[in-house]
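Overview (structure and organization)
Residues per chain, in single letters:
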Amino acid sequence: MAERSFPLPDLGEGLIDATILEWLVEPGQWVERNTPIVEVETTKSAIELPSPIAGTVKTLHGEDGDTVNVGDPLITFEVSDDEAGIVGTVPQEQKKERRVRLSKKN
Amino acid sequence: MRHVASADGTEIAVHELGDASGPAVLLLHGFASSTQRNWVDAGWDRALTEAGFRGIGMDLRGHGESVKPTGEDAYDVARFFEDVDAVIRSLDSEPDALLGCLGYSMGSRLAYRYAGAHPEVFSSLVLGGLPASDPFEGIDRDMAVEALAGRLEATGPTAFVVQLATIFPEANPQVLLDVVFGVSRAPFRPAEDPPAVPMLLMSGDKDDRADDTESIVSMAPDARFAPIPGRNHLNAITSRTFKGGAFDFFSAHLR
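Worth saying up front: this structure is predicted, and the values here are computed from it rather than measured. (Residues numbered from 1 in each chain as written. Chains lettered and ligands numbered in written order. Predicted model: local features only at pLDDT ≥ 70, side-chain atom pairs only at ≥ 80, totals over all residues. Heavy atoms only, no water.)

Moving on, we get to the overall build of chain A. Per the secondary structure count, chain A includes one helix and eight strands. The 106 residues of chain A split such that 42% are buried. Sequence separation of at least 24 residues holds for 63% of the intrachain contacts in chain A that already meet a minimum separation of 6. If you sum the accessible surface of chain A, you get close to 5300 Å²; carbon and sulfur atoms cover 47% of it. (Helix = DSSP H or I, 4+ residues; strand = E, 2+ residues; numbered from the N terminus. Buried < 20%, exposed > 50% of the residue type's maximum accessible area, 1.4 Å probe, protein only. Contact = heavy atoms within 4.5 Å. Areas by Shrake-Rupley, 256 points an atom, 1.4 Å probe, with all protein chains shown as cover.)

Structure, rendered in structure tokens:
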């Protein structure tokens with residue numbers, strides 16, 4: 001097994017951080033890709049972030065109420081070694097013009 | 001996304017969300033927001049799909065990808081009613097299909113007034129963040145204009161409107177002031193002409209913009225209230241409690 005970490009994505013409009021409102025998953029839980037994983041709040045709005053991959057949640061980097069900077073680790077998954085080798089999985093649904101999602105941490 | 005022309009020619013943006021084969025729910029976002037921000041970013045597209053509902057998100061005139069006419073005449077409540085009429089007429093649904101409506105804040109006020117005036121259109125309503133009074137009453141236009149120009153600091157309810165009007169880069173703050181003064185020409189009075197259909201009212205229990213929602217229950221014949229724990233006016237929109245409550249209610253009244 002391998003691990004993949006995802007940072008808090010750039011939420012646009014010059015926002016530098018977000019506060020974790022509520023985690024929707026917990027360590028040890030298997031999540032499918034696109035499953036909602038966390039609600040975050042910025043100074044402008046509240047946003048729900050979906051999982052960028054399928055995998056088992058290993059670590060949540062922060063608790064409800066904590067502030068996370070854009071680019072800092074948000075969540076780490078345990079994934080199969082095959083999955084870990086895939087670079088830049090392309091999201092299949094493209095119908096929305098602007099969609100905030102997590103991206104792979106390099 | 002498609003556009004629908006309203007009675008006065010204003011083009012209204014309509015976004016299809018959720019499961020196209022499910023019962024339909026019209027989504028009306030809040031002041032200074034949009035379908036994208038109020039519903040899609042907050043996770044409602046996924047949640048609608050999962051729950052098996054078709055969401056029809058309309059960007060209110062002056063907002064999102066709808067046309068933004070200037071002048072408060074363009075934002076009389078009657079114009080918003082015509083926009084809802086045009087969007088509903090554009091749906092390719094069966095004539096006897098049930099239609100629900102989900103609103104938030106200003107969108108909830110619009111849904112409440114529209115359903116009161118058009119009792120045959122919606123079979124049930126879920127209204128989030130709805131105060132019992134009109135938050136746009138008592139807004140000082142001169143103060144708001146001066147504050148938008150950076151010449152003074154707005155205070156009181158005017159400060160909140162100025163803050164919201166400038167929060168998102170795609171919005172036109174001057175147009176949003178026209179919205180405020182257009183829709184509040186006839187202030188919101190929930191005791192007047194309340195909707196008769198089943199209605200679920202939900203507000204965050206920390207929502208100081210809508211801390212009197214429950215008082216509306218006694219004004220309408222078939223209304224109930226459920227709080228959204230731990231949430232305020234801006235962050236209630238992502239809540240699982242809000243989503244779950246809305247879908248349970250629509251499941252009971254739209255299927």
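Don't stop here, the text continues.
Attention shifts here to the nonpolar core. By size, the foremost hydrophobic cluster in this structure holds 60 residues, and its most contacted members are Leu26(B), Phe31(B), Phe122(B) and Val179(B). Ranked by the residues each element gives to this core, the list is headed by helix H7 (residues 173-183) of chain B, at seven residues. When residues no more than four places from it in sequence are discounted, the contact partners of Phe122(B) are Leu26(B), Val84(B), Ile88(B), Leu99(B), Gly100(B), Cys101(B), Tyr114(B), Ala115(B) and Val197(B). Judged by nonpolar contacts, the second largest core, of 26 residues, contains Leu21(A), Trp39(B), Leu48(B) and Phe242(B). (Core = buried A, V, L, I, M, F, W, Y, C linked by side-chain atoms within 4.5 Å.)

The subject of this paragraph is the sheet that holds strand E6 (residues 55-60) of chain A. Spatial strand order, E1-E8-E6-E3 (chain A): four strands in an open sheet with antiparallel pairing. Bordering the open sheet on either side are strand E1 (2-7) and strand E3 (30-31) of chain A, each of which pairs with just one other strand. (Pairing = 2+ DSSP bridges.)

On to the sheet that holds strand E1 (residues 2-5) of chain B, then. Residues and elements named next belong to chain B. Within the open sheet, the eight strands sit side by side as E1-E2-E4-E3-E5-E6-E7-E8. Their pairing is mixed. Edge positions in the sheet fall to E1 and strand E8 (223-228), since each of these pairs with one other strand and no more. Averaged over all adjacent pairs, the angle separating strand axes in this sheet is 25°, with direction ignored. Strand direction decides the pairing type here: strand E3 (residues 24-28) and strand E5 (residues 99-104), joined by five bridges, are parallel. Within the sheet, the bridge partner assigned to Ala24 lies in E5 and is Leu99. (Axes fitted to C-alpha atoms, helices over the stretch in contact; angles between N-to-C directions.)

Between chain A and chain B, the residue contacts involve 20 residues of the former and 24 residues of the latter. Buried surface at the junction of chain A and chain B, both sides included, amounts to about 1900 Å², of which 40% is carbon and sulfur. Applying the counting criterion to the chain A and chain B interface returns six salt bridges. Here Arg231(B) makes a salt bridge to Glu39(A), at a shortest N to O gap of 2.8 Å. (Buried area = accessible area lost by both parts, 1.4 Å probe. Salt bridge = Lys/Arg side-chain N within 4 Å of Asp/Glu carboxyl O.)

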